[in-house]
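# Fold and contact review
Single-letter residue listing:
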Amino acid sequence: MRRATAFALITVLAFSMVGCSKPGDRDSSSTPTGDKTELVLASTTSTQDSGLFDEIIPAFQADEPGYTVKVVAVGTGEALKLGESKDADVLLVHSKADEEAFVSNGFGFERRDVMYNDFVLVGPESDPAGVRSAASMAAALKSIAKGAAPFVSRGDDSGTHKKERRLWAAAGVATPTPQAQGWYLSSGQGMGETLKIASEKAGYTLTDRATFLSMKDALDLVVVREGDPDLINQYGVIVVAGARNQVAGQVFFDWILSSKGQKIILDYGYAKYGQTLFTPNAR
Amino acid sequence: MQIFADALRDGWTMLSSGAVDVWIIVATSLRVSGVAVAIALVVGLPVGVVLGAGRFIGRRVALVVFNAGMGLPPVFVGLVVAMTLSRRGPLGDLSLLYTTTAMVIAQAVIATPIVAAITAAAVAAVPRELRLQARSLGAPWWRVGLLTLSEARVGLLAAVAGGFGQIISEVGAVQMVGGNLAGDTRVMTTAIVQFTRMGRYGEALALALVLMAIVVFVNVALVSMQTSADRYEGGRR
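All of the points below concern the structure found in this document. (Residues numbered from 1 in each chain as written. Chains lettered and ligands numbered in written order. Predicted model: local features only at pLDDT ≥ 70, side-chain atom pairs only at ≥ 80, totals over all residues.)

### Brief notes about the overall build of chain B
Helix and strand content of chain B: 11 helices and zero strands. The N-to-C order of helical and strand elements in chain B reads α-α-α-α-α-α-α-α-α-α-α. Taken along the three principal axes of its C-alpha coordinates, chain B extends 65 × 50 × 25 Å. Split into buried and exposed, the 237 residues of chain B put 46% on the buried side. (Helix = DSSP H or I, 4+ residues; strand = E, 2+ residues; numbered from the N terminus. Buried ≥ 20, exposed ≤ 12 C-beta atoms within 10 Å, placed from the backbone.)

Here it is in structure tokens:
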């Protein structure tokens, strides 16, 4: 009996330990691998999910063989925090006002426009809130709120979530909350998961076009609203001041703004979707 | 260490403010994992008794299968449940993906082999003579089963604690099938992941400590029940 008990207890403890260990979401150690310098690029989950990095990172590493790039994909808010704590060397994010504040607070040297893509409002084909026929983006959001159609928010303080809150504000609708509005869901997760949830719940969500196109075969969602001026999404690049690999950050900064880097961005998307996903606009 | 001090302070502020959201998250965790463990017991206990006490061909193979099932990767369970419940999946018409029901299903699947395997180990440790004697005295099969379970009760507590501790700490499957929806399917583990991604370490640490406290409490309760059971047996001898 005692032996069985001891065995059982050890099993329990072993399993509770297994349960407690969580996979590390990110690991900010940047050890040089061989004679290469590892450069940490903090960016957003939506950029990661779009597949753009699968094009530009190998191209950068081919042009600059002295560096390897580690991408840390989080929300814009967290990416900026990683910059503040110098856990990242260079940032590629999309929340212009926050980026400018980041630089003016001395955390980065310079912010430059890199490219833009656009947001689209996606929803079920049946479009229960009549978003397609709304006169404007503001009217579209109003009709979603009025009709209490399911809407899935990122809810994670990401650039996309911030954009969504600005759109509610512009529509003159107090930002809904899951507590007060049963139709408003908040996933607290990345764009890919949020799109999946919207698809399952037959709801609307705001997404960047690239992530939506890369996933649309797996989703029962269509674009119900696009092209409104409010839906442009500008990306900026910033070298983190005083980062461990600040020089490497600067190399990446210069490369992505060069005509070569910009051309790769322009071409991305044609092969797979027949349209440009990110429009380069570095000056 | 400043980061921990700051996080502890922020976390304490959140917990002590009595913000309803936090306790909804904790309550959802307890409810989902509690129901899942109850289901795992209903299914796993009889299976464990048969595996532990039964004599049948293929028992060894079955034991290996259930012991291996204890290590069933939760993400695998999450993936299969998500695909099954997805709108395009075989049970898509039920619209269950991203609900607490889906989370209960996934957690029950994870916990059942744990409950069955620990029960089997506990039941196997009960002397066979006891059952033979009971049967020779004319006890029906279900009485023999109950008697065996009562002799193995400490091991059964371990089964409950083991299953519960595993699933309440699990993050992969509940994230995949629950979706971490605020006020609905958000549980402690998925909220910790979210807060960490958002750099809100205070809230993440506070919830992680609540989770630790629950797991420690379950194990302490188990150990104290075990010691009192041992004392009782000692007195009887």
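Having seen it, we continue.
### Description of the overall build of chain A
Along chain A, the regular secondary structure elements total 12 helices and 10 strands. Expressed as a percentage of its 283 residues, the buried residues of chain A come to 49%. Expressed as a percentage of contacts within chain A between residues at least 6 apart in sequence, the contacts between residues at least 24 apart total 73%. (Contact = placed C-beta atoms within 7 Å.)

### Re the packing of helix α4 (residues 74-85) of chain B against helix α5 (residues 100-124) of chain B
Residue and element names in this part refer to chain B. In contact at an axis separation of 10 Å, α4 and α5 are set at 140 degrees when each is read in the N-to-C sense. Considered as vectors, α4 and α5 are oriented oblique to each other. Once α4 is placed against α5, the crossing between them reads as right-handed. Within the contact between the two elements, α4 uses Pro74, Val77, Gly78, Val81 and Leu85 and α5 uses Ala102, Ile105, Ala106, Val109 and Ile110. For the contact of α4 with α5, a count of residues per class yields nine nonpolar, one polar and no charged. (Axes fitted to C-alpha atoms, helices over the stretch in contact; angles between N-to-C directions. Parallel < 35°, antiparallel > 145°, perpendicular 65-115°, else oblique. Left-handed = near helix turned anticlockwise from the far one by under 90°. Nonpolar A, V, L, I, M, F, W, Y, C, P; charged D, E, K, R; others polar.)

### Let's talk about the packing of helix α3 (residues 59-69) of chain B against α5(B)
Residues and elements named next belong to chain B. Taken N-terminus to C-terminus, the directions of α3 and α5 make an angle of 130 degrees; their axes are 8 Å apart at the nearest point. In terms of orientation, α3 lies oblique with respect to α5. Pair α3 / α5 crosses with left-handed handedness. On the side of α3, the interface is formed by Leu63, Phe66, Asn67 and Gly69, while α5 contributes Pro113, Ala116, Ala117 and Ala120. Here the residues of the contact of α3 with α5 are counted per class, giving six nonpolar, two polar and no charged.

### Comments concerning the nonpolar core
Grouped together as the largest cluster of nonpolar side chains are 139 residues, with contacts concentrated most on Val90(A), Leu91(A), Ala102(B), Ala106(B) and Val177(B). Excluding residues within four positions of it along the chain, Val177(B) makes contact with Gly78(B), Val81(B), Ala82(B), Leu85(B), Leu97(B), Ala102(B), Met103(B) and Ala106(B). (Core = buried A, V, L, I, M, F, W, Y, C linked by C-beta atoms within 7 Å.)

### With respect to unusual backbone geometry
At Asp127(A), a residue that is not glycine, the phi angle is positive and equals roughly 45 degrees. Take Asp127(A): it is sitting in the loop between β4 (108-123) and α6 (137-147). Under the C-beta neighbour-count criterion, Asp127(A) is labelled partly exposed, with 18 such atoms within 10 Å. Phi at Tyr98(B) is positive, roughly 65 degrees, even though this residue is not glycine. Here Tyr98(B) shows up in the loop between α4 and α5.

### Some thoughts on the environment of Gly172(B)
All names here are of chain B. Mapped onto the elements, Gly172 comes out in helix α9 (residues 172-178). Each C-alpha atom, one on Gly172 and one on Ser17, is 29 Å from the other, the two residues being 155 residues apart in sequence. Sequence-distant contacts of Gly172, that is, excluding residues within four places in its chain, are made with Pro74, Val75 and Gly78.

### Brief notes about the pairing of strand β7 (residues 205-208) of chain A
Residue and element names in this part refer to chain A. Neither face of β7 is left uncovered, since the one carrying Thr205 and Thr207 and the one carrying Leu206 and Asp208 both have all their residues buried. Bridging between β4 and β7 involves four bridges; their strand directions are antiparallel. Opposite Phe119, over in β7, you have Asp208 as the bridge partner. (Pairing = 2+ DSSP bridges.)

### Comments concerning the pairing of strand β1 (residues 37-44) of chain A
Residues and elements named next belong to chain A. Extensive coverage of β1 is indicated by the burial of seven of its eight residues. Where β1 lies against strand β3 (residues 90-93), three bridges are found, and the strand directions are parallel. From the neighbouring strand, Ala42 faces β3, where its bridge partner is Leu91.

### Some remarks on the environment of Ala171(A)
All names here are of chain A. With respect to the helices and strands, the residue Ala171 is situated in the loop between α7 (159-170) and β6 (184-186). In this structure, the C-alpha to C-alpha distance between Ala171 and Lys142, residues 29 residues apart in sequence, is 6.6 Å. Apart from residues lying up to four places away in sequence, Ala171 is in contact with Ala138, Leu141 and Lys142.

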